[in-house]
Amino acid sequence: MTTSEIRQDYIHDRVVIIAAGRKRRPHDFPPTTVVHQDQGPATCIFCPPQLRDVKALLTIGRGLHWTVKVIKNVYPVVHASNPKAYGYQEVVIDTPEHNVEFADLSVEHIAIIIDVFGKRIRTLERDSKIKYIMTFKNRGGKAGASIAHAHSQIFASSFVPPHIVDKRRRAEEYQIQKGRCYYEDLLVREQKGPRWITEDGHFGVIAPYASSYNYEAWIIPWRHVDNLGNLKAVERQSLAAMLKHLLTKLSTLGLPYNLFCHQLVNDKNEHFYLRIAPRGDVWAGLELGSRLIVNTVPPEDAARFYRGEGKKRPSKKRR
Ligand SMILES: [Zn+2]
Ligand SMILES: [Zn+2]
């Protein structure tokens, strides 16, 4: 007998095996060594001297005293000149300073980065061919970051990934059946439960019931708002504070992570959320073959970790 539990999320189409006893949790190990291919500020392509002659799509600040800069991705897989893979890829350089972690930036600075995302989203949306925009961040070795200088990315394409279309269709069906938004119901349902992490007047944060990743967390606005570009200043400030709090906490585990935020451009009824996806477990044959994902950190434990309540207390029954 194992204590594993299969959990399904119908809206997001994922089946997860929560397997707490499968192995020791990552925080029982010394922090993972995050592999940087760091060449140092003298040659780093995101450091101010190397960017002096690069045409920026957007700069916050002036001259060498900028705060955040957006440039074209020099290795794009989609391009506005390619009708067979149409789109845009941009890099948001989070800070002029080399080797500063995103989580170590001030709340005000992170709020500026969120505002920059919004500004670029509104610009990219003007191209009527663009149907899908993802804003994301890769931090650390396994999560795919190749440059040590803190940066985020924007991917905009004429093509919408099928699982995003399917997720939206199921959320719409829920809304038609229940007469309420799925994500607002989710917040209310989880608020008093064991997977609730934190909240303020603008956002609630949960460890999702069928978390695919160790310490996965979703930051969900209480307000029905469809993308980052439509946040009010006070909401950007709140989201920045939430991100800083959660990522600072996460950094004590030394896990690489991704941040994701999806957007269907022509769908104004979406309820957006920001997903923090730390990369603790390695997905191997079982996950890749069956698409059944094994998560060795129950979301109830993850929520307790973020709440600062220490180690798991033994409990047989989980909701
Ligand atoms: Zn740099
Ligand atoms: Zn909503």
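Anything mentioned here points back to the structure above.
Keep in mind it's a predicted model, so treat the numbers as computed, not measured. (Residues numbered from 1 in each chain as written. Chains lettered and ligands numbered in written order. Predicted model: local features only at pLDDT ≥ 70, side-chain atom pairs only at ≥ 80, totals over all residues. Heavy atoms only, no water.)

**Q** Tell me what's going on with the coordination of the zinc ion (ligand 1), and back it up with residues and numbers.
**A** Protein-derived ligands of the zinc ion (ligand 1) are Cys 44 (SG), Cys 47 (SG), His 98 (ND1) and His 149 (ND1), with the metal-ligand distances lying across 2.1 to 2.3 Å. If you look at the zinc ion (ligand 1), its 4 donor atoms make angles of 101 to 118° with each other, and the shape they trace is tetrahedral. Each donor residue of the zinc ion (ligand 1) lies on the same chain, and together they follow the pattern C-x2-C-x50-H-x50-H. With Cys 47 in the loop between strand E2 (14–18) and helix H1 (48–51) and His 149 in the loop between strand E6 (132–139) and strand E7 (151–157), the pair connects residues that are 102 residues apart, well separated along the chain. The class of Cys 47 is buried, set by a relative accessible area of 4%. (Donors = N, O, S within 2.8 Å, 3.2 Å for Na, K, Ca; no water. Tetrahedral: all angles 85-135°; square planar, octahedral: opposite > 155°, others 65-115°. Helix = DSSP H or I, 4+ residues; strand = E, 2+ residues; numbered from the N terminus. Buried < 20%, exposed > 50% of the residue type's maximum accessible area, 1.4 Å probe, protein only.)

**Q** A description of the nonpolar core should follow, citing residues and the corresponding values.
**A** One finds Ile 219, Leu 243 and Ile 276 to be the most contacted residues of the largest nonpolar core, which totals 52 residues. The dominant element in this core, judged by the number of residues it contributes, is helix H2 (residues 107–124), at 8 residues. Not counting residues within four places of it along the chain, the set of residues in contact with Leu 243 comprises Phe 102, Ile 110, Ile 114, Ile 219, Thr 248, Leu 259, Leu 274 and Ile 276. With 13 residues, the next largest nonpolar core counts Ala 171, Leu 186, Leu 187 and Ile 220 among its residues. (Core = buried A, V, L, I, M, F, W, Y, C linked by side-chain atoms within 4.5 Å. Contact = heavy atoms within 4.5 Å.)

**Q** Lay out the sheet that holds strand E13 (residues 293–295) in plain terms, naming residues and giving numbers.
**A** Taken in spatial order, the 3 strands make up an open sheet running E1-E2-E13, and their pairing is mixed. In this open sheet, the two edge strands, each paired with only one partner strand, are strand E1 (5–9) and E13. Pairwise comparison of adjacent strand axes, ignoring direction, gives a mean angle of 30° for this sheet. (Pairing = 2+ DSSP bridges. Axes fitted to C-alpha atoms, helices over the stretch in contact; angles between N-to-C directions.)

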